[in-house]
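Structure assessment
Residue strings, one per chain:
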Number of protein chains: 2
Amino acid sequence: MLGNFIYSNPTKIYFGDNVQKNLVKALSGIGKKVLLTYGGGSIKKNGVYDDVINALKSTGKEVVELPGVMPNPTVDKLIEGCRIARENNVDFILAVGGGSTIDYAKGVSVAAWYDGDAWERFWVRQENPKPGERIIPVGAVLTMAGTGSEMNGGSVITNRATKMKIGKVFRDDVMPKFAVLNPRYTFSLPHRQMVAGIFDTMSHILEQYFTGDDDSTSDYLAEGLMRSVIESSRVAVKDPENYEARSNLMWSATWALNTLIGEGKSQDWMVHMIGQAIGAYTDATHGMTLSGVSEAYYRHIMKYALKRFARFARVVWEIPAEGKSEEQLASEGIDALVAWIKEIGAASEITSLGVTEDMLEGIADATIILNGGYKTLTRDEVIEILRQSL
Amino acid sequence: MLGNFIYSNPTKIYFGDNVQKNLVKALSGIGKKVLLTYGGGSIKKNGVYDDVINALKSTGKEVVELPGVMPNPTVDKLIEGCRIARENNVDFILAVGGGSTIDYAKGVSVAAWYDGDAWERFWVRQENPKPGERIIPVGAVLTMAGTGSEMNGGSVITNRATKMKIGKVFRDDVMPKFAVLNPRYTFSLPHRQMVAGIFDTMSHILEQYFTGDDDSTSDYLAEGLMRSVIESSRVAVKDPENYEARSNLMWSATWALNTLIGEGKSQDWMVHMIGQAIGAYTDATHGMTLSGVSEAYYRHIMKYALKRFARFARVVWEIPAEGKSEEQLASEGIDALVAWIKEIGAASEITSLGVTEDMLEGIADATIILNGGYKTLTRDEVIEILRQSL
């Protein structure tokens, strides 16, 4: 059943490989002074930076650069960005990069003009800006598929001092006004990053799919997306410059986390909570922390939702159901998921990510326990899942 | 492969059965003088009218009523609506009803302030309003699921004099600012109207699914939606007041035609073109004209796309593929579609809709031939499909 909800997604998407035209179109309607934020400089090697700068110039913008956004953006970097945004009084933030860069831009968007500590605004205060609260509008040029940040209000910032990696979901005004999605911009991404993005996408879908045992259109859409991700991932890992596969992966990632497939139902997100705690301890790649704990997590909760796991096996993996118990079919679905994790080269354990036995208690303490899924975990269960994942 | 596209859908959806609260929320942000348009008065019997009027009153709106929108709204009615909108200088149009009423509201929206003939504005002129062209914003309270008009720019108006039933797709400003989707509002719909809406939804998906033989995320989403529609339709025809089924049907109908599942691919729409020509001749219920010609149409084009029809059978209907030729599997998929049409009680032929042999030439002449599908039809092929459908 679809519970009550409000759906609203104003982000305008320019999708395709007609780069310069899309960029100019997207930038035409926005302000004059643009804070251009990006990561470690890979966009200067693959031509994306030049495309963006040319489009900014041709539309007459004044540009303030803010490079150096790290994979798990920190609160120190957030504070720096807020200062630069204020000092230059920018009227738009253009994030060029993957989810970290876009998440970071949203953090600056809400915190820049907050009269107080940026981390406090991000973490302590209510998510949605109050009427009249000054935020800076954001746009995005995406170079890595996975997080979905290009078409949602999500933002994750890490506080190294307190070992907290915290996600917030902002709405409406903080969501990107536009996002330019060019599959070709993802071609030069390192193979491991592509794979991490693929699993991140899959994990977003799983977190919304494995809740409830009712009949909901949202779950059918989730199944369609998973089938598309699986099919395209198999092509992309062998042939990363296959435009068809990369375009499907990019678009699937967007819809995996722009609220659609979660509307009207509860959501789980425990794989993300455990993965984010691992990330705060190890700085491991986000998508790999998710794949690394998924087998143990799903085998643990399977018994609470045999029907849904059996459906997952039948519909998503096309595993024949005949002559099998629901439990056997359910288990074969997880087998298929694990085999696919290994096939695409995502992490199937967490030891290779730098997690050691002595960290488990600390990671469990840093894991935020949510209760939207089939089973509300105890701290002991989190530790057991982590141990199984070593 | 996903071809280049721009995705933008600003309509805000209030979904669920918490009626009065959603209505008041939706109406709070709009203008002061509202043109309230609706159909034959069924909303006065089922309580929807009272809900809407109470919400309009509680938000202090001045209301101008425009009832009497017919199932296939005519150009004469369009002209009347434009006159009333102008004379009263309304600043918002609230459509309460199904697709016909919402389509009609969009027609009035673009044509009301056009300096000339309303039909000319609707049919002859470019679809998108020019910058500065005055249009009247629209909102919707949906009482019938099927057309998807609540979250798109589509509008179909019928010109009885010229026997033309013409659809246009407006963008951006003409799309509903908001739509209130309350599954409970569809409970009192006559059974036949519910079934027609279900097939209309299915047909929208099929028209976008049966093009191309490539790998596209759009098609996987379409498959998910079809599976949801089939599942929920089987519940709803037996138990029309099943909230779960009606909520899934309502939300599926919205996403079947709000551009998502057609992004990046070509589209067919020949079943709609033939169905609309039948509608112009007979005034038959839209959804029934589509179901009435679907078997003949899909059997006719199947040979041009065996691979896609075989996939349709396997994924949408879960028909086992083992030991079957692609052609056999493809054919069994259409068998399943036809069996489902009969199971839910949609029309499986057009004789019962009032079509007679002597009309076929005229209907073929009124059929607009499009070329996005697997086969561009000749006039003779249209006649043959119509004859097969008698």
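Residues numbered from 1 in each chain as written. Chains lettered and ligands numbered in written order. Predicted model: local features only at pLDDT ≥ 70, side-chain atom pairs only at ≥ 80, totals over all residues. Heavy atoms only, no water.

Turning to the sheet that holds strand β2 (residues 12-15) of chain B, a few remarks are in order. Here seven strands make up an open sheet; going across it, the order is β1(A)-β2(B)-β9(B)-β6(B)-β5(B)-β3(B)-β4(B) and the pairing mixed. The sheet is open, and its two edges are formed by β1 (5-7) of chain A together with β4 (62-66) of chain B, each paired on a single side. If you compare each strand with its neighbour and ignore which way they point, the axes differ by 20° on average. Contacting β3 (33-38), β4, β5 (92-97) and β6 (138-142) of chain B, helix α3 (residues 48-58) of chain B crosses the sheet at an angle of about 175° to β3(B). (Pairing = 2+ DSSP bridges. Helix = DSSP H or I, 4+ residues; strand = E, 2+ residues; numbered from the N terminus. Axes fitted to C-alpha atoms, helices over the stretch in contact; angles between N-to-C directions. Contact = heavy atoms within 4.5 Å.)

Before going further, it helps to examine the relation of the copies chain B and chain A. Each copy of the sequence occupies a distinct position, and chain B is placed on chain A by a rotation of 180° and an axial shift of 0.0 Å, giving an RMSD of 0.0 Å. With respect to symmetry, the two chain copies, as superposed, fit the operation of a two-fold axis. By residue overlap, the copies meet face to face through one surface: 100% of the interface positions of chain B are interface positions in chain A. (Least-squares fit on C-alpha atoms with pLDDT ≥ 70 in both.)

The next subject is the environment of V19(B). Residue and element names in this part refer to chain B. For V19, the position within the fold is in helix α1 (residues 19-28). With relative accessibility at 16%, the residue V19 sits in the buried group. Separated by 148 residues in the primary sequence, V19 and G167 have C-alpha atoms spaced 31 Å apart. Setting aside residues up to four positions removed in sequence, V19 forms contacts with D51, N182 and Y185. (Buried < 20%, exposed > 50% of the residue type's maximum accessible area, 1.4 Å probe, protein only.)

Residue and element names in this part refer to chain B. Note that P183 resides in the loop between β9 (178-181) and α7 (191-209). Judged by relative accessible area, P183 falls into the buried class, the value being 0%. Along the primary structure P183 and L27 are separated by 156 residues, whereas in three dimensions their C-alpha atoms are 19 Å apart. If near-sequence neighbours (up to four positions away) are discounted, P183 is found in contact with F15, G16, Y243, R246, S247 and M250.

So, about the pairing of strand β7 (residues 154-159) of chain A. Residues and elements named next belong to chain A. Most of β7 is tucked away: five of the six residues are buried. Relative to strand β8 (residues 164-169), β7 runs antiparallel, the two sharing six bridges. If you follow T158 over to β8, its bridge partner there is K165. The hairpin turn running from β7 into β8, its antiparallel successor, is four residues long, and K163 in that turn takes a positive phi close to 50°.

Looking now at helix α13 (residues 326-344) of chain B. Residues and elements named next belong to chain B. When the terminal C-alpha atoms of α13 are compared, their 27 Å separation across 19 residues agrees well with the 27 Å that a helix rising 1.5 Å per residue should span. Restricting attention to buried positions, one finds in α13 the residues L329, A330, G333, I334, A336, L337, V338, W340, I341 and I344. Buried-residue contacts for α13 involve α7, α8 (217-238), α11 (286-301) and α12 (306-316). Just beyond α13, the residue with positive phi is G345, at close to 85°. (Expected span 1.5 Å × (residues − 1).)

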